Amino acid sequence: MITHFGDIGFFVYLTVVMIPAVWLGLTQRRIAPYGLAVSILTIVVMLADSKRQLALLGMFFVGEAALAWAHLRFLKANGRGHKVERRLVIAVGLLPLALTKPSGLVEFPSLGFIGISYLTFRAIQVLLEMSDGLITEFRLTAYAYLLLFFPTLSAGPIDRSRRFDQDADNPPPRDVYQRLLGQGVWWMVLGAGYKFGLGSLFEYALADGRLLSRNLVTYMYGYGFQLFFDFGGYSLMAVGASRVFGIRTPLNFRYPFVAESIKDFWNRWHITLSFWLRDYVFSRLTMALIKRKVFKNRSTTAQVGFLVNMTVMGVWHGTQAQYILYGLYHGVLMLLTDLYETRLPFYKRFKSAMWYRLLSIVVTFHLVMFGFLIFSGRLTTA
Amino acid sequence: MNEQQRATTSALITQVCGSDAVLAEPDLDLLEAGLLDSLALVELLVGLDEEFGLEISPTEVEREEVSSVNKIMAFVEAGLSRS
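Residues numbered from 1 in each chain as written. Chains lettered and ligands numbered in written order. Predicted model: local features only at pLDDT ≥ 70, side-chain atom pairs only at ≥ 80, totals over all residues. Heavy atoms only, no water.

### Considering the domain arrangement of chain A
All names here are of chain A.
Argument step 1. By the assigned domains, chain A splits into domain 1 (32-169), domain 2 (174-251) and domain 3 (259-381).
Argument step 2. A C-alpha centroid distance of 28 Å is found between domain 1 and domain 3.
Argument step 3. The interface of domain 1 with domain 3 comprises 18 residues on the first partner and 15 residues on the second.
Argument step 4. Note on domain 1 versus domain 3: buried area summed over both sides is about 1,400 Å², and carbon and sulfur give 54% of it. (Domains from an automatic or database assignment. Contact = heavy atoms within 4.5 Å. Buried area = accessible area lost by both parts, 1.4 Å probe.)

As structure tokens, then:
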């Protein structure tokens, strides 16, 4: 058995399956049919020891695909105005996540499988954009490729279907593919350095009794960096491997620790998740609130939007107290940032000054690190 | 796009960006200048729906498509000519 971007066996396997992809890319042929076959093979090889996970992932795929197909048929026959159908479809689409994530009264963690949170969000995006009239056809192979694309299977990044299909359907000219290939290989090397070099180093130092584990403050910074190098490194490798298959999976991180505000941080940290939530939760919620004139005040609408959006972000990670608190913490920080930026003349006066920007980076960095400490569970389980 | 529609769009942009000055610099990048955040974009879309009946979902428009006053004008013009 091999572990997704986790052991030497996977990288040997990856190198072998990439060779035909490179040949297809350099000869300007479509990589997608081969990529889909490799993705299915990879899943089978990775989950060979866990028939249960394999079966669950298979059921998930069949269920979501059938739902998308039926949803589109319904929309074509009855138009796009049926709110009840829309809500029902989204609820059913979210069911796999809703059954496996909660911890408490209703709990089926054994129904979980690799990448479920990431895959479900991709499936929901397709359903929502069908309702919006942006996706008007359902191709089973394209849908399978989007959901099961193996470089991003276990932990994203969360790509979008229309963007993904564009890459999968149109092989780039040779020189463009060469650039993608070069970039992809470099990112995989860099990502491996992040994850297995720096990430492992922090992990080592965070273990019980070692240097960074001894007090809460060193643990907090150590954990924050470990999270970044581990997840950032994985994401970079996933994006790099995608490039080799001609898919421009979006980057997930962009220098998060030099963010000048919490809002800016969410444009730099786990970007594909935060943009997904921005587009499918925040924007849609605030749009509904504005259209129905629920709040008189623009700021109130924004603040409710931030709180709900970030709480969903927290719960998406799991329903344990640490994740809900993490979401709420960021929701409150976003709300306060919004108040501060819109109400205080001080901000407007100094926001472009170098000293102010540097100070903002330092303050944001510490707020973010405290958030990771909540996320780590050390505060809630100690 | 007639004068009336142009004036309505200008008023809408001024309102959602919270600044009259943007009209004087129609190529200014509103995203970079921090004048068109996620909520402002939603307000713009709701405004276009209310004023012109243009129903646009948040992911139908790429941010770069509406990142300046001129681009918004072109976007509205394209929308009106389709409807």
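Right, picking up where we left off after that structure.
### Some thoughts on helix H5 (residues 116-131) of chain A
Argument step 1. Its 16 residues give H5(A) an end-to-end C-alpha distance of 23 Å, which sits within 8% of 22 Å, the value for a rise of 1.5 Å per residue.
Argument step 2. Just downstream of H5(A) lies A:Gly133, where phi reads positive at about 80°. (Helix = DSSP H or I, 4+ residues; strand = E, 2+ residues; numbered from the N terminus. Expected span 1.5 Å × (residues − 1).)

### Some words on the confidence of the model for chain B
Argument step 1. For chain B, the mean per-residue pLDDT works out to 89, and 100% of the residues sit at or above 70.
Argument step 2. Reported confidence for the predicted complex is 0.91 by ipTM and 0.94 by pTM. (pLDDT = per-residue confidence, 0-100.)

### Observations concerning the pattern of salt bridges
All names here are of chain A.
Argument step 1. Under the defined criterion, the tally for this structure stands at 21 salt bridges over all chains.
Argument step 2. With a shortest N-O distance of 3.3 Å, Arg268 and Asp264 are connected by a salt bridge. Per residue, the accessibility class of Arg268 equals that of Asp264, and both read buried.
Argument step 3. Within the structure, one salt-bridge network assembled from shared partners comprises Arg30, Glu137, Arg139, Asp165 and Asp169. (Salt bridge = Lys/Arg side-chain N within 4 Å of Asp/Glu carboxyl O. Buried < 20%, exposed > 50% of the residue type's maximum accessible area, 1.4 Å probe, protein only.)

### A look at the environment of A:Phe265
Residues and elements named next belong to chain A.
Argument step 1. In this fold, Phe265 is placed in helix H10 (residues 262-265).
Argument step 2. Sequence spacing of Phe265 and Phe10 is 255 residues, and the spatial spacing of their C-alpha atoms is 32 Å.
Argument step 3. Beyond its immediate stretch of four places on either side in the chain, Phe265 contacts Pro256, Ala259, His330, Val368 and Phe372.

### A look at the interface of chain B and chain A
Argument step 1. Across the boundary between the two partners, chain B contributes 17 residues, which contact 19 residues of chain A.
Argument step 2. Note on chain B versus chain A: buried area summed over both sides is about 1,500 Å², and carbon and sulfur give 60% of it.
Argument step 3. When the area that chain B buries against chain A is broken down by residue, the three leading residues are B:Leu39, B:Pro58 and B:Thr59, summing to 38%.
Argument step 4. For the interface between chain B and chain A, the tally reads four salt bridges.
Argument step 5. Counting residues per element, the side of chain B that touches chain A draws most heavily on helix H2 (residues 38-52) of chain B, at nine residues.
Argument step 6. Here the residues of the side of chain B that touches chain A are counted per class, giving eight nonpolar, three polar and six charged. (Nonpolar A, V, L, I, M, F, W, Y, C, P; charged D, E, K, R; others polar.)

### Some details on the nonpolar core
Argument step 1. A:Tyr145, A:Phe245, A:Trp266, A:Trp269 and A:Phe372 are the most contacted members of the largest nonpolar core, which totals 105 residues.
Argument step 2. Ignoring any residue separated from it by four or fewer positions in sequence, one finds A:Phe372 in contact with A:Tyr223, A:Gly224, A:Leu227, A:Phe257, A:Phe265, A:Trp269 and A:Tyr326.
Argument step 3. Within the second largest apolar cluster, 26 residues are counted, among which are B:Val16, B:Val22, B:Val42 and B:Phe52. (Core = buried A, V, L, I, M, F, W, Y, C linked by side-chain atoms within 4.5 Å.)

### Notes on helix H1 (residues 3-17) of chain B
Argument step 1. Relative to the 21 Å expected for 15 residues at 1.5 Å per residue, H1(B) spans 21 Å between its end C-alpha atoms, a close match to the ideal helical length.
Argument step 2. Close packing links the buried residues of H1(B) with helix H12 (298-317) of chain A together with H2 and helix H3 (69-82) of chain B.
Argument step 3. Looking at the residues trailing H1(B), positive phi occurs at B:Gly18, about 70°.

### With respect to the packing of helix H13 (residues 321-343) of chain A against helix H15 (residues 354-376) of chain A
Residues and elements named next belong to chain A.
Argument step 1. Taken N-terminus to C-terminus, the directions of H13 and H15 make an angle of 160°; their axes are 8 Å apart at the nearest point. Accordingly, the angle class assigned to the pair H13 and H15 is roughly antiparallel. Each of Gln322, Tyr323, Leu325, Tyr326, Tyr329, Leu333 and Tyr340 in H13 lies in contact with H15, whose residues at this interface are Tyr356, Leu367, Phe370, Gly371, Phe372, Ile374, Phe375 and Ser376.
Argument step 2. Counted by class, the contact of H13 with H15 contains 12 nonpolar, three polar and no charged residues. (Axes fitted to C-alpha atoms, helices over the stretch in contact; angles between N-to-C directions. Parallel < 35°, antiparallel > 145°, perpendicular 65-115°, else oblique.)

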